[in-house]
Amino acid sequence: MEVKILPVSREDLETIYEIELECFGEDAYPKYLFEYVLEKKNTVFLKAVVDNVIAGFILATYHSRECTILTINVRKAYRNMGIGSNLLKTLEKEVEKMNIEKIILQVEVSNKTAVEFYLKRGYRISRLIKNYYGLGRDAYEAFKKL
Ligand SMILES: CC(C)(COP(=O)(O)OP(=O)(O)OC[C@H]1O[C@@H](n2cnc3c(N)ncnc32)[C@H](O)[C@@H]1OP(=O)(O)O)[C@@H](O)C(=O)NCCC(=O)NCCS
């Protein structure tokens, strides 16, 4: 299976939003966020393409030496094939070239797959943020030094 990691462009936004909805339902980021970040300079927005189909994407922003992952999503049908790892690795390499020293992210404590995904890829939990996603829905903040 050949996976191409490419920058997201305006024509992809409809599909990107579909994937966001598939992964997060009513917790999805609003569509305008994706339109907005596409215009911004301090953003890394990458898609994973398999046989001309967008299978997933990663979105991150950065300021001085720190990058924050806003979201990483892989369509259900394409999970556990290494696509998420490929997106994350590509983002890490890209921001490392910009002298970014640290990547941070928040992940819902109940999202065991994503928590495991990050821990296995060298991220460490730095703190628990109570009610981050709404009442009773806590987040871990995690980081990786590059
Ligand atoms: C997290 C996510 C991006 C991973 O994408 P992916 O393409 O499946 O990732 P990979 O195939 O590279 O790796 C899969 C990893 O998921 C984790 N995982 C998968 N199924 C799991 C399960 N049942 N229990 C725990 N961890 C699991 C493991 O870490 C696994 O890695 P391993 O095979 O080395 O053990 C994907 O599950 C996803 O899109 N989830 C929904 C959106 C989401 O929660 N995003 C995170 C926002 S912070």
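Reading guide: rules and limits
Residues numbered from 1 in each chain as written. Predicted model: local features only at pLDDT ≥ 70, side-chain atom pairs only at ≥ 80, totals over all residues. Heavy atoms only, no water. Helix = DSSP H or I, 4+ residues; strand = E, 2+ residues; numbered from the N terminus. Rg over C-alpha atoms; globule rule 2.2 N^0.38 Å. Buried < 20%, exposed > 50% of the residue type's maximum accessible area, 1.4 Å probe, protein only. Contact = heavy atoms within 4.5 Å. Pairing = 2+ DSSP bridges. Axes fitted to C-alpha atoms, helices over the stretch in contact; angles between N-to-C directions. 1 Å grid on protein atoms, 1.4 Å probe; cavity = no way out; pocket = protein on both sides within 12 Å on 5 of 7 lines; lining within 4 Å. Points joined across faces, edges and corners; volume = space filled by probe spheres on them. Nonpolar A, V, L, I, M, F, W, Y, C, P; charged D, E, K, R; others polar.

**Student:** Any chance you could explain the overall build of the protein here in plain terms?
**Tutor:** Check the secondary structure of the protein and you find 4 helices and 7 strands. Secondary structure of the protein in N-to-C order comes out as β-α-α-β-β-β-α-β-α-β-β. Scaling as 2.2 N^0.38, a compact globule of 146 residues should have a C-alpha radius of gyration of about 15 Å, and the protein matches this with 15 Å. The dimensions of the protein, computed from C-alpha atoms along their principal axes, are 40 × 35 × 30 Å. Counting over 146 residues, the protein shows a buried share of 42%. Put simply, 56% of the contacts in the protein that link residues at least 6 apart link residues at least 24 apart.

**Student:** Please explain the sheet that holds strand β3 (residues 53–63) as it appears in this structure.
**Tutor:** The strands that make up a sheet pair up through hydrogen bonds in the backbone, lying either parallel or antiparallel. With respect to topology, 7 strands assemble into an open sheet ordered β1-β2-β3-β4-β5-β7-β6, the strand pairing being mixed. The open sheet terminates on both sides in strands that have one partner only, identified here as β1 (3–7) and β6 (124–129). Averaged over all pairs of adjacent strands, the angle between their axes in this sheet comes to 25 degrees, without regard to strand direction. Against the sheet, helix α3 (residues 83–96) touches β1, β2 (43–50), β3, β4 (66–74), β5 (102–108) and β7 (139–145), its axis set at about 145 degrees to β2.

**Student:** Looking at this structure, I do not really get the pairing of β3. What am I missing?
**Tutor:** Look at any regular strand and the pattern is simple: side chains alternate between the two faces of the sheet. Of all 11 residues that make up β3, 9 are buried, and the element is covered over most of its length. In sequence, β2 turns back onto β3 through a hairpin of 2 residues, with D51 there showing a positive phi of about 50 degrees. Bridge analysis of β3 against β4 gives 8 bridges, and the strand direction is antiparallel. Paired with Y62 across the strands is C67, a residue of β4. Between β3 and β4, which pair antiparallel in sequence order, lie 2 residues; one of them, S64, sits at a positive phi of approximately 40 degrees.

**Student:** Even after reading the chapter, I still don't get the side chain of D138, so can you show me in this structure?
**Tutor:** Looking at where D138 falls in the secondary structure, it is placed in the loop between β6 and β7. Here D138 falls in the buried class, since its relative accessible area comes to 16%. Once residues lying within four places of it in the same chain are set aside, the contact partners of D138 are V107, E108, V109, L128, I129, K130, N131, Y132 and Y133.

**Student:** Where do I start with the environment of V107 in this structure?
**Tutor:** Summarising the element assignment, V107 is placed in strand β5. Judged by its relative accessible area of 7%, V107 falls in the buried class. Spatially, the C-alpha atoms of V107 and T15 are 23 Å apart, while their sequence positions differ by 92 residues. Once you skip the residues sitting within four places of it in the chain, V107 turns out to touch A114, V115, Y118, Y133, D138, A139 and Y140.

**Student:** Help me understand empty space enclosed by the protein in this model?
**Tutor:** Rolled over the atoms, a probe as big as a water molecule pinpoints where empty space is left. Per the counting criterion, the structure on display carries 1 cavity of 30 Å³ or more. A volume near 30 Å³ is recorded for the largest cavity. Around the largest cavity, the lining residues are V107, V115, Y118, L119, I125, Y140 and A142. Among the secondary structure elements, those contributing two or more residues to the lining of the largest cavity are α4 (112–120) and β7. Among the elements that make up the lining of the largest cavity, the one with the highest residue count is α4 (3 residues). Looking at the lining of the largest cavity residue by residue, the class counts come to 7 nonpolar, no polar and no charged.

**Student:** Would you mind going over unusual backbone geometry with me for this structure?
**Tutor:** For residues that are not glycine, phi is negative in most cases, and the peptide bond is trans in most cases. The phi torsion at D51 lies on the positive side, around 50 degrees, for a residue other than glycine. Along the polypeptide, D51 turns up in the loop between β2 and β3.

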